[in-house]
Amino acid sequence: PRTVRNTQYVYSMSILTASNLAKSYGPQDVFAGVSLEIPQGARIALVGPNGCGKTTLLRLLAGLETPSAGAIHHARGLRIGYLSQQAALPGAGTLWEEMLPPFADLQAQAAELRRLEEAITDPTTREEALRRYGPALEAFELAGGYTYEQRIAQVLNGLGFDREDFDRPVAHLSGGQQTRAMLARLLLEQPDLLLLDEPTNHLDLPSQEVLQEALADFEGTLLI
C-alpha cells in the first residue's frame, strides 16, 4: 500500500496518523515506508492487488499487530472497530444475546435499580434505598436504559435480520449473516473509526445493498 489520501473533502482534524510503517514476518517483508493520515469523518478506500499487505495494514491500525518499524498515533480516546475478512461473533449465544455486551453498564444499572426497589420494601433499608433510587433512575434514563433494546432491534433490522432471527444461535448463521451480525455488534459499540476488511465477502447482492445503506448512515470514520 502507498500513502492513503482522501482529496474529495477537507476535514478539520486527523484521528489517526502513521509514519514510515514497515512489517516483516521473519525474512518476509510485507511492506515498508507506508505513511497515512485519517481525517475525522472521512470515507477512505484502501485499494491494491492481493498480497500487497492491505489486511496487515488494517490489523496494525486496529492495534492487533505491532509494526516492525514506524509509528502509529491515535487521537486521545479513539475507539476503533475492526471487521475481519472472516468475521464471526465469538460467543455461543443467540443473535440477540451477542448484541448485549456493548450495553453491559446499562444492564448493571438495571440490576442495581431492581436491588434498590427490593430494598425499598424493607423498613430497615427503605430510607437509604429511596435516597439512592432517584439519582440512579435518572442516570439510567439519561444513558438510554429504556431505549437500548429498541436500538439493537433497529440495527439488526437495518442489516436485514427479521425478528425471528433474534433468537437463533449465532453458530447457526450463514457466513453472510455472520458478517452482518458482527457489523451490527460493531455499530452498537459506536466506534469512532471503523476498519472493514473486504466486508462484502460472503454477501449476496441484496446483503451488499443492506451493508451499503448501513455504512451510509454510520456517523464515524470509515476505512474500507
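Residues numbered from 1 in each chain as written. Predicted model: local features only at pLDDT ≥ 70, side-chain atom pairs only at ≥ 80, totals over all residues. Heavy atoms only, no water.

Caption draft 1: Up close: helix α5 (residues 175–189). The terminal C-alpha atoms of α5, which comprises 15 residues, lie 21 Å apart, in line with the 21 Å expected from a rise of 1.5 Å per residue. Within α5, 13 of the 15 residues are buried, which leaves the element mostly enclosed by the surrounding structure. In the segment just after α5, Q190 is the residue with positive phi, at about 55°. (Helix = DSSP H or I, 4+ residues; strand = E, 2+ residues; numbered from the N terminus. Expected span 1.5 Å × (residues − 1). Buried < 20%, exposed > 50% of the residue type's maximum accessible area, 1.4 Å probe, protein only.)

Caption draft 2: Spatial organisation of the sheet that holds strand β4 (residues 69–74). Taken together, the three strands give an open sheet; going across it, the order is β2-β1-β4, and neighbouring strands pair in antiparallel fashion. Each having just a single partner strand, β2 (28–39) and β4 make up the two edges of the open sheet. Taken pair by pair, the neighbouring strands of this sheet meet at an average axis angle of 15°, ignoring direction. Here eight bridges tie strand β1 (residues 14–25) to β2, and the two strands are oriented antiparallel to one another. Counted as the bridge partner of Y25 is Q28 from β2. Contacts from helix α1 (residues 54–61) reach β1, β2 and β4, with the element oriented near 55° to β2. (Pairing = 2+ DSSP bridges. Axes fitted to C-alpha atoms, helices over the stretch in contact; angles between N-to-C directions. Contact = heavy atoms within 4.5 Å.)

Caption draft 3: Representation of the packing of helix α2 (residues 104–120) against helix α3 (residues 126–142). Between α2 and α3, the shortest axis-to-axis distance is 9 Å and the interhelical angle comes to 150°. Between α2 and α3, the interaxial angle falls into the category roughly antiparallel. Note on packing geometry: the crossing formed by α2 with α3 is left-handed. Contacts between α2 and α3 pair L106, Q109, A110, E112, L113, R115, L116, E117, A119 and I120 from the former with R126, A129, L130, R132, Y133, A136, L137, A139 and F140 from the latter. Considered class by class, the residues forming the contact of α2 with α3 number 13 nonpolar, one polar and five charged. (Parallel < 35°, antiparallel > 145°, perpendicular 65-115°, else oblique. Left-handed = near helix turned anticlockwise from the far one by under 90°. Nonpolar A, V, L, I, M, F, W, Y, C, P; charged D, E, K, R; others polar.)

Caption draft 4: Looking closely at the nonpolar core. If you look at the biggest cluster of nonpolar residues, it comprises 43 residues, and the most contacted ones within it are I152, L156, L159 and L194. Top contributing element to this core by residue count: α5, with seven residues. Among all residues touching I152, those that are not within four sequence positions of it are W96, M99, L100, F103 and L188. Judged by nonpolar contacts, the second largest core, of 20 residues, contains L36, I38, L60 and L78. (Core = buried A, V, L, I, M, F, W, Y, C linked by side-chain atoms within 4.5 Å.)

Caption draft 5: Looking closely at the pattern of salt bridges. Enumeration according to the criterion identifies nine salt bridges in this entry. When the shortest N-O distance is used, the salt bridge between K23 and E65 registers 3.7 Å. Linking K23 in strand β1 with E65 in the loop between α1 and β4, this pair joins segments that are 42 residues apart in sequence. Across the salt bridge formed by R131 and E128, the nearest N and O atoms sit 2.5 Å from each other. Here the residue R131 and the residue E128 both occupy positions in helix α3, the gap between them amounting to three residues, near one helical turn. R131 sits in the exposed class, given a relative accessible area of 55%. Connected via shared salt-bridge partners are K23, R59 and E65. (Salt bridge = Lys/Arg side-chain N within 4 Å of Asp/Glu carboxyl O.)

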